Amino acid sequence: MTALSLDETDHHLLALLQQDSGRTLAELGEVISLSPSAVQRRVDRYRKAGLLDRQVAVLDPAKADALLAVCLVTLAKESNAIHAAFRRRLLAAPEVQQLYSVSGDTDYVVVLASTGMAHHREVADRLLKDAPNIQRYTTMFVLDPVRIGLSIPIK
C-alpha cells in the first residue's frame, strides 16, 4: 500500500463513500465543493493506494431472508501453518461474511450468512464440525441485526 496523506476533504469524501458509494461523482462533489473530475481523481488515488478496497452493494439481511450466525471457534493446536490453513478454508466459503482472529479464550469469530437453518447446518458442518483441528465452536444465531456497520473511522 502506498503512503497516503489525507486532508479534511479526503476524510469527508471517504465518509460519504462509506455511507453510500452509489452516489454520482456530481452528487459527491456538490457536498464537498469539488468538481466531478476532482472527486474522480481523489477516488482513483484511494484505489491506487489500496485504501479503497472495493465497492459493494449491502443487502438488508431481514429483507433477503438471510439467517446470520456468529460462531466462536477455538483451535485444538496452533501454529502459523495451522492458522493459515484455517483462514484459507473459511475465506474460500461465500457464506463466511466476516472472519476475525481475536484474543482471549477464542481464536476466531466467524459470521456466517445462510438461507435458513438447513443451509446453516450444512455450512457449519462443512466448515467447522468436520474441519480438522477445531477443538470447539459455539454458535449464536442473530435474532435481530440491530446495526450492521461497514464504515471504518479514518480520523
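Structural notes, computed from the coordinates. (Residues numbered from 1 in each chain as written. Predicted model: local features only at pLDDT ≥ 70, side-chain atom pairs only at ≥ 80, totals over all residues. Heavy atoms only, no water.)

**Some remarks on the sheet that holds strand β3 (residues 108–114)**
Strand order in the open sheet formed by four strands is β2-β3-β1-β4, with antiparallel pairing between adjacent strands. Looking at strand neighbours, the two that pair on one side only are β2 (96–101) and β4 (134–141), the edges of this open sheet. Across the sheet, the mean angle separating the axes of adjacent strands is 20 degrees when strand polarity is ignored. The pairing of β2 with β3 spans five bridges and is classified as antiparallel. Bridge assignment links V96 to a residue of β3, and that residue is L112. Sheet strands in contact with helix α4 (residues 80–91) are β1 (67–75), β2, β3 and β4, and its direction is about 165 degrees off that of β2. (Pairing = 2+ DSSP bridges. Helix = DSSP H or I, 4+ residues; strand = E, 2+ residues; numbered from the N terminus. Axes fitted to C-alpha atoms, helices over the stretch in contact; angles between N-to-C directions. Contact = heavy atoms within 4.5 Å.)

**A few points about unusual backbone geometry**
A positive phi angle, close to 55 degrees, is found at D65, a residue other than glycine. By secondary structure assignment, the location of D65 is in the loop between α3 (36–49) and β1. The phi torsion at N133 lies on the positive side, around 70 degrees, for a residue other than glycine. Its location among the elements puts N133 in the loop between α5 (117–129) and β4. Looking at N133, the relative accessible area reads 22%, which means it is partly exposed. (Buried < 20%, exposed > 50% of the residue type's maximum accessible area, 1.4 Å probe, protein only.)

**Section: the nonpolar core**
Within the largest apolar cluster, 15 residues are counted, with the highest numbers of intra-cluster contacts made by V73, F86 and V110. Every element with two or more residues in this core is listed here: β1, α4, β3 and α5. Dropping the residues within four chain positions of it, V110 is found in contact with A69, V70, C71, V73, L90, V96, Q98 and L99. Residues L13, L16, L28 and V43 belong to the second largest nonpolar core, which totals 10 residues. (Core = buried A, V, L, I, M, F, W, Y, C linked by side-chain atoms within 4.5 Å.)

**Some points on the packing of aromatic side chains**
For any two aromatic rings, the description comes down to two numbers: the centre-to-centre distance and the angle of the planes. Counting across every chain of the model gives one aromatic pair. Ring centres 4.6 Å apart and planes at 40 degrees place the aromatic pair F86 and Y108 in the tilted group. Of this pair, F86 sits in helix α4 while Y108 sits in strand β3, and the two are 22 residues apart along the sequence. Here F86 matches Y108 in class, with each residue buried. (Phe/Tyr/Trp six-rings, centres within 6.5 Å; stacked < 30°, edge-to-face > 60°.)

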